[in-house]
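This is what each chain is made of:
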Amino acid sequence: MKFASRLLAVGLIGALAFTLGVSANQPAAPESSFATEVIDLGMVVSDLDRSLKFYKDVIGFEEIDGFSVPPQFALDTGLANKVQLDVHVLVLGKGEKATKLKLMQFKTEPGARVDNSFIHSSYGFRYLTIAVKDVNAAVSRAAKAGAKPIAKCPVPLPEGLPAGLALANYRDPDGNLVELVGPWKQ
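Just so it is clear, the model here is predicted, and its values are computed rather than measured.

Cut-offs applied
Residues numbered from 1 in each chain as written. Predicted model: local features only at pLDDT ≥ 70, side-chain atom pairs only at ≥ 80, totals over all residues. Heavy atoms only, no water. Buried < 20%, exposed > 50% of the residue type's maximum accessible area, 1.4 Å probe, protein only. Helix = DSSP H or I, 4+ residues; strand = E, 2+ residues; numbered from the N terminus. Pairing = 2+ DSSP bridges. 1 Å grid on protein atoms, 1.4 Å probe; cavity = no way out; pocket = protein on both sides within 12 Å on 5 of 7 lines; lining within 4 Å. Points joined across faces, edges and corners; volume = space filled by probe spheres on them. Nonpolar A, V, L, I, M, F, W, Y, C, P; charged D, E, K, R; others polar.

Peer 1: In this structure, what is going on with the pairing of strand β8 (residues 177–183)? I would like to understand it.
Peer 2: As a general feature of sheets, a regular strand has side chains that alternate between the two faces. Most of β8 sits out of view: six of its seven residues are buried. Relative to β8, strand β5 (residues 127–131) runs parallel, the two being bridged by five bridges. When the sheet's bridge partners are listed, Tyr127 is paired in β8 with Leu177. Sheet analysis places strand β7 (residues 165–171) next to β8, joined by seven bridges and oriented antiparallel.

Peer 1: What's the story with the layout of surface pockets in this structure? I'm lost.
Peer 2: Rolling a probe over the atoms, with the probe sized like a water molecule, indicates the empty space that remains. In this structure, the largest pocket spans a volume of roughly 1,200 Å³. In terms of lining, the largest pocket is formed by 47 residues, of which the most central are Leu41, Met43, Tyr55, Leu101 and Asn176. Of all the secondary structure elements, the ones that give two or more residues to the lining of the largest pocket are β1 (41–44), α2 (48–59), β4 (99–104), β5, α4 (135–144) and β8. For the lining of the largest pocket, the element with the most residues is β5, which contributes five residues. Tallied by class, the residues present in the lining of the largest pocket amount to 27 nonpolar, 10 polar and 10 charged. The calculated volume of the second largest pocket comes to roughly 240 Å³. Every residue lining the second largest pocket is counted, 14 residues in all, and those nearest its centre are Val44, Leu79, Leu85, Met104 and Phe106. For the lining of the second largest pocket, the secondary structure elements donating two or more residues are β1, β2 (62–69), β3 (85–92) and β4. Among the residues forming the lining of the second largest pocket, the class breakdown is 10 nonpolar, two polar and two charged.

The following block contains the structure:
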């Protein structure tokens, strides 16, 4: 009986170590220098209301409390040329690990458009990838909100990539590419 109790205890400790990603033969992973693994993305838009509607109604983001950045702070940090930033924050998910998309519009200092014809048309961040649980449901939601997919979307991923997944591409009001990828039923 003692042997069985010891075996059970060793098994539980081993299972706990495995669950926590710890192994007796494996050195502990170095501590990250990042406070979070989540990246927030700031996006300047030409029409805030249209963009909020697209990202909330078509994609499914939720809006949470935003914030303002004073003009002098924006200048001192190199963010803007002494223009106040009024930031609308959208989230996908809950809690600290939620993706945040921060939208801003500058009516008195409009930005320049880039060529969004294709992802290779301009340098810089070119598209957002949103992983969904059901591409069919995401496409249906987008259609109900009046959005039309680009080209032949949704399209199943090509051979060599995970089977059963498809990609549906949309453009936001400024022409930025937003791809929805996930399980799909033809």
